[in-house]
Amino acid sequence: MPVFYKPVPTSEHDDEESQNLTKSRSARIKTTLFYFVATIAVMYVAYLATRSIIRSVPKHGMHGRPGCHHRNLTTLPSHHILPSGDKIPSVALGIAGKGEVGAAVQTALKTGYRHIDGAWIYGNEEEVGKAISASGVPRDQLWLTSKLWNNFHAPEDIEPALDETLTRLNTEYLDLYLIHWPIAFKKGSNNVLDKELTANPYPTWQKLEELVDKGKIRNIGISNFNIARIKNLTANPLKHKPAVNQVELNYFNPQPELLKWSKENGLLLEAYSPLGSTKQVKEALSVPEVKEIAKKLDITPAQALISWHVQRGTIVLPKSVTPSRVQENFQVVTLPDDLFDKLEKAATSHPPQRVVNPSKNWGLDFDVFDENWPL
Ligand code: A2P
């Protein structure tokens with residue numbers, strides 16, 4: 001009979017059992033250890049994830065800057081509400097110049113900018129339009145501003161000029177269209193003043209109002225208008241009042257009176273050349289109060305200045321074609337009151353120095369910024 005089972009001697013059997021027992025005990029210890037280490041690992045990963053989420057919350061200000069935990073700053077307005085109810089984002093990319101602007105627009109849109117400030121006269125609207133289309137950002141999430149050039153103030157010239165801008169930007173409407181200067185030149189002329197339309201911009205405005213009603217523009221505004229020129233326009237029975245006035249505002253030319261008057265009269269200001277323009281950016285970034293803010297808040301001087309503009313209650317339009325600066329300029333923070341006041345005082349207590357004034361270049365026999373125009 002074949003032997004299928006050969007009984008093991010008792011002593012050997014005991015030995016095997018005890019071996020099995022030892023094996024199962026060590027297996028249990030291994031399993032416990034495994035679960036222990038795994039639990040620690042999971043907890044550590046959860047800790048790292050939580051920490052990175054907390055760190056990714058904006059450091060301060062409305063767009064945030066990673067890595068700083070100084071203060072709880074959430075008070076800067078990310079946008080302003082215009083009389084139409086539309087929300088205009090506080091920080092825009094200014095886009096004068098050609099050639100490098102398309103790439104700057106793409107960087108800006110990737111960074112999170114949703115406001116692009118351009119103009120017909122910059123001659124770059126096609127480049128900008130292509131960059132916007134390539135970005136894939138939906139049109140209804142973008143704020144596009146353009147400006148009517150001085151040669152097209154005659155009512156019959158406005159819609160064709162606007163259509164050119166719309167075609168170049170590859171869009172059906174503008175969020176904001178501004179009268180670029182309170183100066184009208186005769187169509188096709190080389191800066192020949194149209195005295196009538198310069199003295200009385202109401203016909204130009206009425207045409208713009210018509211284009212709002214037609215849906216080609218959502219908001220209309222003015223640019224480079226002083227208080228006298230604004231009153232000259234708004235004395236008319238306007239259907240749509242100016243939504244904004246875009247003017248030069250920077251450390252050298254902070255225009256506190258215009259800012260105060262505009263706030264009192266519900267007119268939003270937009271700051272162009274907010275860093276002092278190419279001519280004076282270096283000096284602006286070296287102002288002691290600006291440097292002090294930058295150092296104390298661990299931000300850059302440009303961020304200190306751009307934040308100051310937003311905190312003053314204006315829209316700010318810094319220009320840059322340098323990718324790192326485009327990114328840098330989007331990060332704004334609330335300045336503590338004492339530092340804000342110190343910079344405001346420094347900016348407003350030296351004689352104002354305007355950077356942009358084309359009056360002479362245009363051959364005008366008066367200053368476009370003079371409150372007492374001869375017209
Ligand atoms: P770039 O375009 O080479 O970056 P403003 O907006 O007042 O008109 O200033 C525009 C000028 O400021 C441009 O010469 C631009 O140079 C420069 N600029 C813009 N952002 C910064 C920044 N963060 N740091 C230094 N310079 C800057």
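Residues numbered from 1 in each chain as written. Predicted model: local features only at pLDDT ≥ 70, side-chain atom pairs only at ≥ 80, totals over all residues. Heavy atoms only, no water.

1. Quick word on the nonpolar core
Within soluble globular proteins, side chains that are nonpolar generally end up buried alongside one another.
Inference 1: Grouped together as the largest cluster of nonpolar side chains are 99 residues, with contacts concentrated most on L93, V105, I183, W205 and I217.
Inference 2: In this view, W205 contacts I179, I220, G221, I222, L233, L238, H240, K241 and P242; residues no more than four positions away in its chain are not counted. (Core = buried A, V, L, I, M, F, W, Y, C linked by side-chain atoms within 4.5 Å. Buried < 20%, exposed > 50% of the residue type's maximum accessible area, 1.4 Å probe, protein only. Contact = heavy atoms within 4.5 Å.)

2. Quick look at the pattern of salt bridges
Inference 1: Enumeration according to the criterion identifies 16 salt bridges in this entry.
Inference 2: Note that K147 and D117 form a salt bridge whose closest N and O atoms lie 2.8 Å from each other. With K147 in strand β5 (residues 143–148) and D117 in strand β4 (residues 115–117), the pair connects residues that are 30 residues apart, well separated along the chain. There is no split in this pair, since K147 and D117 are both buried.
Inference 3: Ionic pairing is found between E344 and R312, a salt bridge with its closest N-O pair at 2.9 Å. (Salt bridge = Lys/Arg side-chain N within 4 Å of Asp/Glu carboxyl O. Helix = DSSP H or I, 4+ residues; strand = E, 2+ residues; numbered from the N terminus.)

3. With respect to the site of the ligand
Inference 1: For the ligand, the set of nearby residues contains 17 residues, the closest of which are L275, S277, S320, T322 and R325.
Inference 2: Taking S277, its main chain carries an N or O atom lying 2.8 Å from an oxygen atom of the ligand.
Inference 3: Between the ligand and T278, the relevant distance is 3.1 Å, taken from an oxygen atom to a side-chain nitrogen or oxygen of the residue.
Inference 4: For the ligand, whose accessible area on its own is 570 Å², the fraction buried by protein is 86%.
Inference 5: Of all the secondary structure elements, the ones that give two or more residues to the shell around the ligand are α9 (277–285) and α12 (323–328).
Inference 6: By residue number, the principal contributor to the shell around the ligand is α9, which donates four residues.
Inference 7: Of the residues that constitute the shell around the ligand, the class distribution is seven nonpolar, seven polar and three charged. (Near = heavy atom within 4 Å. Polar contact = N/O pair within 3.5 Å; in protein donor to acceptor, adjacent residues only side chain to side chain. Areas by Shrake-Rupley, 256 points an atom, 1.4 Å probe, with all protein chains shown as cover. Nonpolar A, V, L, I, M, F, W, Y, C, P; charged D, E, K, R; others polar.)

4. Regarding the environment of E344
Inference 1: One can find E344 in helix α13 (residues 337–348).
Inference 2: In this structure the C-alpha to C-alpha distance between E344 and P256, which are 88 residues apart in sequence, comes to 9.1 Å.
Inference 3: Residues in contact with E344, not counting those within four places in the same chain, are W308 and R312.

5. Description of the environment of I179
Inference 1: Relative to the assigned elements, I179 resides in strand β6 (residues 176–179).
Inference 2: Given a relative accessible area of 1%, I179 falls into the buried group.
Inference 3: Distance in space between the C-alpha atoms of I179 and A119 is 9.9 Å, their sequence separation being 60 residues.
Inference 4: Apart from residues no more than four positions distant in its own chain, I179 is found in contact with L148, H153, T204, W205, L208, G221, I222, S223 and F225.

6. Description of the confidence of the model for the protein
Inference 1: Across the protein, pLDDT averages 89, with 86% of residues at or above 70.
Inference 2: Across residues 1–12 the pLDDT falls below 50, and counting only partners more than four positions away or on other chains, this stretch makes one contact in the model. (pLDDT = per-residue confidence, 0-100.)

7. Let's talk about the side chain of K207
Inference 1: Within the secondary structure, K207 sits in helix α6 (residues 202–214).
Inference 2: Residue contacts for K207: discarding those within four places in its chain leaves P155, I158 and E159.

8. Comments concerning a nonpolar patch on the surface
Inference 1: A contiguous nonpolar surface patch, about 500 Å² in accessible area, is contributed by I29, L33, F36, V37 and I40.
Inference 2: Residue position: F36 is located in helix α1 (residues 10–56). (Patch = residues over 30% accessible without salt bridge, like charges linked within 9 Å, V, L, I, M, F, W, Y side chains within 5 Å.)

9. Some thoughts on α9
Inference 1: Within α9 the residues assigned to the buried category are S277, Q280 and A284. An end-on view of α9 places all buried positions within 70° of arc, on one side of the element. Among the exposed residues of α9, those pointing more than 90 degrees away from its buried face are T278 and K282.
Inference 2: Where α9 is buried, its residues meet α10 (288–297) and α11 (301–311). (Arc of directions from axis to C-beta.)

10. Quick notes on the sheet that holds strand β3 (residues 93–94)
Inference 1: Strand order in the open sheet formed by eight strands is β3-β4-β5-β6-β7-β8-β9-β10, with parallel pairing between adjacent strands. Sheet topology places β3 and β10 (315–316) at the edges, where each strand pairs with a single neighbour. (Pairing = 2+ DSSP bridges.)

11. Some words on the pairing of strand β8 (residues 244–248)
Inference 1: Among the five residues of β8, five are classified as buried, and the element is accordingly described as predominantly covered.
Inference 2: Relative to β8, strand β7 (residues 220–223) runs parallel, the two sharing two bridges. The residue of β8 that forms the bridge with S223 is Q246.
Inference 3: For the crossover from β7 across helix α7 (residues 227–234) to β8, the handedness is right-handed.
Inference 4: Where the polypeptide runs from β8 across helix α8 (residues 256–264) and back to strand β9 (residues 268–272), its parallel neighbour, the crossover connection is right-handed. (Right-handed = clockwise from strand over helix to strand, strands pointing away.)

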